[in-house]
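Architecture and fold: a report
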Amino acid sequence: MTDHAADANQHEHVIIIGAGAAGLTAGIYTARANLSPVIIAGLQPGGQMTITTDVENYPGFAQVIQGPWLMTEMQAQAENVGARVIYDLVTSLDTSERPFTVTFDSGKVMTADTIILATGAQARWLGLESEAAFNGRGVSACATCDGFFYKERDVAVIGGGNTAVEEALYLANICRSVTLVHRRDTLRAEQIMQDRLLKKENITVEWNRSVAEVIGDESGVTGLRLASTIGEAEKDIPVHGMFVAIGHDPATKAFSGAVALDDEGYIIAEAGGTRTSVDGVFAAGDCVDKIYRQAVTAAGMGCMAALDAERWLGEQE
Ligand code: NDP
């Protein structure tokens, strides 16, 4: 990996902010379009995939691969075709005039004709010590990624929003039983999703409960200790997996005021495309997508953003 120090007021055709699946794929495509992109890798180069272990749903690999390995390869691929990677944190983006201005934590400033935002999102965790201790050994924040490892086993999903209900329904087709643990007595999820959930025979709901502790041993998670939010006694449930689905935080604070964000902080992009509210600024991956959240969809959107940026640059000439 090469760290190209950001020169003061360096000007670029394309700056890609974020070095996860979306940003690196945008880097591969813009580099191959001869745009000599700069990719800004912030605090977690490689994104969420670097905190994943086994990956068996990224197409092209017949055997299970490791998330961090995939991202190292993706970055090397981007660099091999000419993308430059800078390790610095973007603290603000000024889109009020062109070229756009990117300011870094180090104090450096760069300008660019076009920007691709691909800073991703982070899953929210409950914040328990036992949850962190079993992360990757029974604790996950992505049913689509890890559900298959719990085939015919008993699992729990924590949360009451659309994600939690969707994950519970997904897991119910794979696992023996699913317990949805929700801290209130009504779900936040859309009614149609709730109806589907309550009809599913192998899903039960633990209402008014929160996780007090993840219980386990060297084999991984063996159960959950559930506290009551309405003053009832604690209870233990036996499960092998806990899927935390209490929301995500998109990494978009630095872009507030620069592009339109929704109430939850996600970047608003045109339907089916990557154009943001600012002409010449594009967005891809989990910082804009709260529905699919997969490495392959992020990579796909990164490709779309690169093609959109390339076309847009062509139109400006
Ligand atoms: P939400 O913010 O909608 O829901 C989070 C859930 O987690 C809530 O039920 C909340 O409880 C619970 N929760 C939050 N913090 C804690 C905690 N510390 N302990 C226990 N429970 C907690 O997040 P989602 O990820 O579900 O959805 C995010 C957005 O994405 C929403 O706009 C949603 O509609 C959208 N989405 C749409 C989908 C679709 O259309 N197919 C699929 C997935 C998401 P409480 O209810 O008590 O606040």
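Residues numbered from 1 in each chain as written. Predicted model: local features only at pLDDT ≥ 70, side-chain atom pairs only at ≥ 80, totals over all residues. Heavy atoms only, no water.

**Here's the deal with the state of the cysteines**
Counted according to the given criterion, the structure contains one disulfide. Here C142 engages in a disulfide with C145; their sulfurs sit 2.1 Å apart. Between C142 and C145, the S-S dihedral sits near 75°, and the bridge is therefore right-handed. Note on C142: relative accessible area 15%, which makes it buried. Take C145: its relative accessible area is 26%, and that puts it in the partly exposed class. (Disulfide = S-S within 2.5 Å. Buried < 20%, exposed > 50% of the residue type's maximum accessible area, 1.4 Å probe, protein only.)

**Overview of the environment of V38**
Mapped onto the elements of the fold, V38 is located in strand β2 (residues 38-41). Along the sequence, V38 and I15 sit 23 residues apart, while their C-alpha atoms lie 5.0 Å from each other. Once residues lying within four places of it in the same chain are set aside, the contact partners of V38 are Q10, E12, V14, I15, I16, R84, I86 and M110. (Helix = DSSP H or I, 4+ residues; strand = E, 2+ residues; numbered from the N terminus. Contact = heavy atoms within 4.5 Å.)

**Re unusual backbone geometry**
The omega torsion of the bond from R98 to P99 falls at 0°, within 30 degrees of zero and hence cis. Here the phi dihedral of N34 falls at roughly 70°; this positive angle occurs in a residue that is not glycine. Tracing the chain through its elements places N34 in the loop between α1 (21-32) and β2. For N34, a relative accessible area of 70% gives the class exposed. Phi is positive for S36, which is not a glycine, with a value near 45°. The topology assignment puts S36 in the loop between α1 and β2. Residue S36 is classed as partly exposed on the basis of its relative accessible area of 35%.

**Structural notes on the site of the ligand**
Around the ligand sit 17 residues, and of these N162, T163, E166, R184 and R188 come closest. At 3.2 Å, a backbone N or O of G161 approaches an oxygen atom of the ligand. In the model, an oxygen atom of the ligand is placed 3.2 Å from a nitrogen or oxygen of the E264 side chain. Partitioned by chemical class, the residues of the shell around the ligand number four nonpolar, seven polar and six charged. (Near = heavy atom within 4 Å. Polar contact = N/O pair within 3.5 Å; in protein donor to acceptor, adjacent residues only side chain to side chain. Nonpolar A, V, L, I, M, F, W, Y, C, P; charged D, E, K, R; others polar.)

**What about the side chain of T30?**
Within the fold, T30 resides in helix α1. T30 sits in the buried class, given a relative accessible area of 1%. Look past the residues within four positions of T30 in its chain and what remains in contact with it is V14, I16, L35, S36, P37, I116 and A306.

**As for the pairing of strand β12 (residues 177-181)**
Burial runs high along β12: four of the five residues are buried. The handedness of the strand β11 (residues 154-158) to β12 crossover, carried by helix α5 (residues 162-172), is right-handed. Taken together, the four bridges between β12 and strand β13 (residues 203-206) define a ladder with parallel strand orientation. Along β13, the bridge assignment pairs V178 with I203. For the segment spanning β12, helix α6 (residues 191-199) and β13, crossover handedness is right-handed. (Right-handed = clockwise from strand over helix to strand, strands pointing away. Pairing = 2+ DSSP bridges.)

**Points about the packing of α5 against α6**
Packed helix pairs are characterised by how far apart their axes lie and by the angle those axes make with each other. Between α5 and α6, whose axes approach to 10 Å, the crossing angle comes to 35°. By crossing handedness, the relation of α5 to α6 is classed as left-handed. Together, N162, V165, E166, A168 and L169 of α5 and M193, Q194, R196 and L197 of α6 make up the contact between the two elements. Residue composition of the contact of α5 with α6, grouped by class: five nonpolar, two polar and two charged. (Axes fitted to C-alpha atoms, helices over the stretch in contact; angles between N-to-C directions. Left-handed = near helix turned anticlockwise from the far one by under 90°.)

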